[in-house]
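Breakdown of the fold
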Amino acid sequence: MAEGGKNSLKSKTQSILNDYDVEWNETLGTGISGPVRPCKRKKTGIRYALKCLPDNPKAQMEVYLHVMCNGHPNIVKVHDVYANDIQFPGEKHPKAYLLMVLEMMEGGELFDRISKRKRLTERQAAKYFKKISMAVQHCHSLNVAHRDLKPENILLTDNTEDAELKLSDFGFAKIDDGNLQTPYFTPYYVAPQVLEAHRHQAKLKKGIIPTSKPYTYDKSCDMWSLGVILYIMLCGYPPFYSETPSRHITMEMRRKILSGEFDFPEDEWSHVSDGAKDVVKSLLHVDPSYRLNIEDVTKLSWLEDAPDNELHSPAVIADKQSLEDINMAHSQQLTILRKPECPLTLKPITDSHNPILRKRKYRQSSKEEPDNPVSKASTCEMNVKSLRNIIAYCILPPKDDDESVLNELIRKAITLQSCSPTHFMEILSAMEWDGDRFKVKIDKGKLAERLSELIQDLNRPMPLESMELNSHENGRVPNSLS
Ligand SMILES: Nc1ncnc2c1ncn2[C@@H]1O[C@H](COP(=O)(O)OP(=O)(O)OP(=O)(O)O)[C@@H](O)[C@H]1O
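Residues numbered from 1 in each chain as written. Predicted model: local features only at pLDDT ≥ 70, side-chain atom pairs only at ≥ 80, totals over all residues. Heavy atoms only, no water.

1. Focus on helix 16 (residues 404-416)
Since the α-helix advances by 3.6 residues per turn, residues separated by three or four positions end up pointing in the same direction. Note the threshold: Strands here mean DSSP runs of E at least two residues long; helices mean DSSP runs of H or I at least four residues long; both are numbered from the N terminus. What a helix is expected to span follows from its residue count: subtract one and scale by 1.5 Å. Accessible area is worked out with a 1.4 Å probe on protein chains only. A residue is then buried under 20% of its type maximum, exposed over 50%, and partly exposed in between. Summarising the geometry, the arc corresponds to the directions from the helix axis toward the C-beta atoms.
Helix length check: helix 16 (13 residues) gives 19 Å between terminal C-alpha atoms against 18 Å at 1.5 Å per residue, within 8%. When we look at burial in helix 16, the residues that qualify are Leu406, Asn407, Ile410 and Ala413. For helix 16, the arc enclosing every buried residue in end-on projection is 125 degrees, short of the 170-degree limit, so these residues lie on one face. Opposite the packed face of helix 16, turned more than 90 degrees from it, sit the exposed residues Lys412 and Thr415.

Shown next as structure tokens:
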């Protein structure tokens, strides 16, 4: 077991290979950070899942927040964390990784399980939903917003009927500071929460809403996700969809999300109880201040007295393609809903229409010298701008998108990156960028997310000293796997 108490796991700097046998060629599942692999503790023979994260502030935050939420029966447990250097086959040098040894979830993803079931009743769906809600309640009670609640992150301990259901992947989790400051934003990043926060602030000022009710973007984003997950569990397809299916989030779908436009088609919903529909409606309320909060959800009588009627969802989800589409659509919607961070929402000075700022910018550029800090700052602005262009394209690709524009934007950004070229290239190679284009079809929403985080890293380094993880500058153990 790792050092420290249950919520203060310290990363170990000795080689993970001293304690675990890792099956490097096997994969339990793959996410944006790469494959999750099985491993076995040498002393006990117990199997675990190993998630390898390139060590950077984002990964440190993931580990920190996941460990913080450790100890709840509906949250995948982090058993150990190692900070090791690893050289994977095909890589020239060892790289720093954070290795998370996680409780093994042999039962796989919840929706896969549902699709294999012959029968799912509303009562069983309510039981699943209650467990997911308990996990969220635990996170919210610690002021952690998960922000990536989606079917792929809800896993089962084993393949038995009474397997426990657990929430995983804290890759987007953050401490919910309830920050309402959004001084500038570009249209690309206006999530419903942002617009509504402005309305909410106005209402607060007028005294329409009591100030005692805490209002935050991030937790309400989790509540929205719970609504989507419940909706899918009850019928097998998502509440927000486009008439013209696309792998990208369409303007039409965007409009539907923003206006909360969804319905309950007769075929699948006629025998779903009104109680269940009410829960869905109050989670997908377009105004987050009217959405149920997690405490409200855990007290719902429907969780205990849902009827035993049979749902259509297993048959609908059984189509593998439809499950993939559900996952993809939900990821993209989360991309839109997550509150943009301040550095991302601020207009770069280069774009400003404010004449004073433009004049200042002009003066700076006429004085530029190679080592002048001002010059470095504007180089960084150029980097950020090039990244923002990619993000904007990923979030709103044109109708006739053939990827060539995206490839061009990326090639341009590569030539401009000087502030954090390694991280940028890491993101690209994790998505199979071959130097000129992506080798596979990529999830643009994910790319946008990763680049947003990179911009945050560039603008606001993580206060590492506030973490319980050991720095592994000293005593790092290189593990060569090649
Ligand atoms: N503890 C576990 N036990 C078994 N399988 C797991 C475990 N954790 C993750 N997996 C599998 O690996 C997949 C990817 O894991 P995870 O979601 O944590 O990675 P990620 O890189 O953060 O993904 P994402 O692209 O969703 O951000 C999961 O969807 C699941 O199938």
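So much for the structure itself; the text now carries on.
2. Topic: the environment of leucine 50
Put simply, the test is: Contacts were defined at the residue level, with two residues in contact if any of their heavy atoms lie within 4.5 Å.
Tracing the chain through its elements places leucine 50 in strand 4 (residues 47-54). When neighbours within four sequence positions are excluded, leucine 50 is seen to be in contact with Ile16, Val22, Trp24, Pro35, Val36, Arg37, Cys39, Leu99, Met100 and Val101.

3. Observations regarding the side chain of arginine 147
The cut-off we apply is this: Here a polar contact is recorded for every N or O atom pair within 3.5 Å, except that within protein the pair must consist of a potential hydrogen donor and a potential acceptor, and residues adjacent in sequence are included only if both atoms are side-chain atoms.
With respect to the secondary-structure elements, arginine 147 resides in the loop between strand 8 (144-145) and strand 9 (154-156). Polar contacts involving the side chain of arginine 147 include one to the main-chain carbonyl oxygen of phenylalanine 172, which spans 2.8 Å.

4. Some thoughts on the packing of aromatic side chains
For clarity, the cut-off: Working definition: a ring pair exists when centres of Phe, Tyr or Trp rings (six-membered ring for Trp) sit within 6.5 Å. Plane angles under 30 degrees give stacked, over 60 give edge-to-face, the rest tilted.
Summed over the entire model, instances satisfying the criterion amount to 12 aromatic pairs. Ring geometry for tyrosine 231 versus phenylalanine 262: centroids 6.0 Å apart, planes at 90 degrees, classification edge-to-face. Separated by 31 residues along the polypeptide, tyrosine 231 in helix 5 (residues 217-235) and phenylalanine 262 in the loop between helix 6 (251-259) and helix 7 (266-269) bring together distant segments of the chain. By relative accessible area, which is 0% here, tyrosine 231 ends up buried. Through successive ring pairs, a cluster of aromatic residues spans Tyr231, Tyr237, Phe262, Phe264 and Trp269.

5. Observations concerning the pattern of salt bridges
Rules: Any Lys or Arg side-chain nitrogen found within 4 Å of a carboxyl oxygen on Asp or Glu counts as a salt bridge.
The final tally for this structure, using the stated rule, is 21 salt bridges. Of the charged contacts, one joins arginine 47 and glutamate 23 as a salt bridge, the two residues approaching to 3.9 Å between their closest N and O atoms. Separated by 24 residues along the polypeptide, arginine 47 in strand 4 and glutamate 23 in the loop between strand 1 (20-22) and strand 2 (29-31) bring together distant segments of the chain. On the accessibility criterion, arginine 47 (31% relative accessible area) is partly exposed. Ionic pairing is found between glutamate 304 and lysine 130, a salt bridge with its closest N-O pair at 2.8 Å. You can see glutamate 304 sitting in helix 10 (residues 302-305) and its partner lysine 130 sitting in helix 3 (residues 122-141), a full 174 residues away along the chain. The exposure class assigned to glutamate 304 is exposed, which follows from its relative accessible area of 55%. Since its relative accessible area comes to 28%, lysine 130 is described here as partly exposed. Linked by salt bridges that have partners in common, Glu408, Arg411, Asp436 and Arg437 make up one network.

6. Quick notes on the site of the ligand
Selection rule: Consider each residue's heavy atoms; a residue with any of them within 4 Å of a molecule or strand counts as near. In short, Shrake-Rupley with a 1.4 Å probe defines the accessible areas, and a residue's cover is counted only from the protein chains shown.
Lining the immediate environment of the ligand, one finds 22 residues, of which Ile32, Ser33, Lys51, Glu103 and Asp169 sit closest. Contacts to the ligand include methionine 105, whose backbone N or O atom sits 3.0 Å from a nitrogen atom. Between asparagine 153 and the ligand, the recorded distance is 3.2 Å, taken from a side-chain N or O atom to an oxygen atom. Considering the ligand on its own, with 610 Å² of exposed area, one finds that the protein chains cover 93% of that surface. Sorting the residues of the shell around the ligand by element identifies strand 2, strand 4, strand 6 (95-103) and helix 18 (444-459) as the ones contributing at least two each. Broken down by element, the residue count for the shell around the ligand peaks at 3 residues, all from strand 2.

7. Here we look at the sheet that holds strand 10 (residues 165-167)
What counts, and what does not: Following DSSP output, two strands are said to pair if at least two bridges run between them. In this analysis an axis means a line fitted to C-alpha atoms, helices contributing only their contacting stretch, and an angle means the value between N-to-C directions, from 0 to 180 degrees.
Strands sit in the order 7-9-10 across an open sheet of 3 strands; the sheet is antiparallel. Bordering the open sheet on either side are strand 7 (108-109) and strand 10, each of which pairs with just one other strand. Sheet topology note: the strand 9/strand 10 ladder contains 3 bridges and is antiparallel. Residue pairing in the sheet places leucine 156 in a bridge with leucine 165 of strand 10. The strands touched by helix 3 within the sheet are strand 9 and strand 10, with strand 10 carrying the most contacts at an inclination of about 35 degrees.

8. Describing the pairing of strand 6
Where a strand is regular, its side chains alternate between the two sheet faces. Burial of strand 6 is extensive: 7 of the 9 residues sit out of reach of the surface. Of the pairings in the sheet, the one linking strand 4 to strand 6 comprises 7 bridges and is antiparallel in character. Pairing of leucine 53 across the sheet is with leucine 98, part of strand 6. Here strand 5 (residues 78-87) pairs with strand 6 via 8 bridges, running antiparallel. By the bridge assignment for strand 6, tyrosine 82 is matched with leucine 99.

9. Things to note about the nonpolar core
For the record, the criterion: Here, the term nonpolar core denotes a set of buried Ala, Val, Leu, Ile, Met, Phe, Trp, Tyr and Cys residues that are joined through side-chain atoms within 4.5 Å.
Counting 55 residues, the largest nonpolar core has Leu110, Phe129, Leu226, Met233, Leu234, Trp269 and Trp302 as its most contacted members. Residue contributions to this core peak at 11 residues, all from helix 5. Contact partners of tryptophan 269, with chain neighbours within four places excluded, come to Tyr231, Leu234, Cys235, Tyr237, Phe264, Lys277 and Val280.

10. Quick look at the state of the cysteines
Put simply, the rule is: Disulfides are defined as pairs of cysteine sulfur atoms found within 2.5 Å of each other.
All told, the structure shown has 0 disulfides when counted by the stated rule. Cysteine 39 carries a free sulfur, and the closest cysteine sulfur to it, the one in cysteine 52, is 8.9 Å from it. We classify cysteine 39 as buried; its relative accessible area is 0%.

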